[in-house]
Amino acid sequence: MGETWAKVRVAGHRAEVVGVDLYLDLSGTRVRAGLEGALRDAVRAGRLHPGTRLPSSRALAADLGIARNTVAEVYSQLVAEGWLTAQTGAGTSVAARRAPSPGAAVTARPAEPVPRYDLRAGVPDLSAFPRRAWLATARRVLAAAPDHLLGYPDARGLPQLRTALAGYLARARGVTADPGRIVICAGFAHGLAGICRALRATGPATLAVEAYGHQAHRDIAAGQGLRLRPVPVDGMGAVIGRADGADAVLLTPAHQFPLGVTLHPRRRREAADWGGVVIEDDYDGEFRYDRQPVGALQTLAPDRVIYAGTASKSLAPSLRLGWLVVPPRLLDAVTAELAAGPSALDQLTLAEFITSGGYDRQIRRARLAYRRRRDRLATALHRHGLKVTGIAAGMHAVLELSGTSQERAALSRASRQGLAIEGLGSYRADRTGPDDGHGDRAGLVIGYGRPPEHAYTTALARLAAILPDLR
């Protein structure tokens, strides 16, 4: 058999692949000069990074269809010029080079520094991720998975996960969930974008949003062409009556983010009877401490409510695993907008994690840990004569302040203490216009989920350092 581009070396009955793939454009008729220039260009352009080990002269000569001596001579020349390095037993590698001047190339955006003391809301304790249990589950499902499950999955997600979620959501959250109406998405932001595109496809649309909430979610909706209409939030939750005229409304009824109130039963009924589409973000639905969990709003109106949940708080955000329970009339439109969902292997792992009981155990373990953290936070604030609200559920609390000037001063002092924390003002839907009855609230949103356990005590101490001036 003649040589082919995919070169192998045969040792006994075993075929061994040699060399590494290296694309080089050899232009012109002078082979040696062309190879020298191609290698220099690859290093100069950054396609070959410092330390990259090059193929052996034999392997590269076979790949390019040229004489081995030609490759060896080119390597020697570029080593002499300082482009490459060669060491006996280690082969030939790209030499280290001085970084280009700032104006020579586009400067990469620097990574955001990780605060040492972080009490921002919205992220769980990542050190509590059940690594061993998740890895054991992943190994088990990968060993047993038939080959066809490694192909392109159903656009709604793998049936195994949708079936497992249907049972779990019905049991734990009271959701009316048929597996055929569940769509797997890559987290809430991915699901929300798909919902907004589906709504926008029917024509101009308006989305009512709670006056305080995630700015990122409002940006997603606006980016899909929806008009936004903030509705006030009071002690009973979102004022549903102020959403009249909108096509859809986005709510966090179980634990309003960030204010922490639960949607009042009367408002829940108003939302269920409301004429438009309700998007229920079941934020912190699993983490309730002082009373029985509040069931999902979706069960009151399964033909009008899109239920959304994720594993971001119960497991980890980077898994990018979320789910939607979609009314039949919107199912095809939403599914069509949700391409490129999570990995099929991660979906299989979560399905097995749920059915084996591992997911419930993880949630109960996390619920206990976060309740203890919440109690420590409440005790620390009580010592200073301060009281927090919104602590019946979730992983954050709100310390209300007398005005925005006090909020800004508190954030400034926290920054000097090396403490990352956020103010209520950063969550307000309209931070530049008139208040419009939303309530001119000021305060600190204190997350107690994010720090690893060993850092939580110090983070609370940093918080305590700014408290005397807040009474």
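Computed from a prediction, not measured in an experiment: that's the story for all the values here.

Scoring rules and cut-offs
- Residues numbered from 1 in each chain as written.
- Predicted model: local features only at pLDDT ≥ 70, side-chain atom pairs only at ≥ 80, totals over all residues.
- Heavy atoms only, no water.
- Phe/Tyr/Trp six-rings, centres within 6.5 Å; stacked < 30°, edge-to-face > 60°.
- Helix = DSSP H or I, 4+ residues; strand = E, 2+ residues; numbered from the N terminus.
- Buried < 20%, exposed > 50% of the residue type's maximum accessible area, 1.4 Å probe, protein only.
- Salt bridge = Lys/Arg side-chain N within 4 Å of Asp/Glu carboxyl O.

Peer 1: Describe the packing of aromatic side chains, naming the residues involved and giving the relevant values.
Peer 2: On inspection of all chains with the given rule, the structure shows six aromatic pairs. Here Trp134 and Phe353 contribute two aromatic rings whose centre-to-centre distance is 5.5 Å and whose plane-to-plane angle is 75 degrees, an arrangement assigned as edge-to-face. Placement of the pair is Trp134 in helix H4 (residues 131-144) and Phe353 in helix H10 (residues 344-355), with a sequence separation of 219 residues. Trp134 gets classed as buried once you look at its relative accessible area, which sits at 9%. Its relative accessible area of 2% is what places Phe353 among the buried residues. Pairing Tyr168 with Tyr359 gives two aromatic rings, centres 5.3 Å apart and planes at 80 degrees, and the pair type is edge-to-face. With Tyr168 in helix H5 (residues 159-173) and Tyr359 in helix H11 (residues 358-383), the pair connects residues that are 191 residues apart, well separated along the chain. Summarising the burial analysis for this pair, Tyr168 and Tyr359 share the class buried.

Peer 1: Give me the lowdown on the pattern of salt bridges, citing residues and values where you can.
Peer 2: For the structure on display, the rule yields 21 salt bridges. For the salt bridge of Glu337 with Arg197, the shortest nitrogen-to-oxygen distance reads 3.1 Å. Of this pair, Glu337 sits in the loop between helix H9 (328-336) and H10 while Arg197 sits in helix H6 (residues 188-200), and the two are 140 residues apart along the sequence. Arg197 sits in the partly exposed class, given a relative accessible area of 26%. Each of Arg32, Glu36, Arg40, Glu73 and Glu81 takes part in salt bridges that share partners, so that together they form one network.

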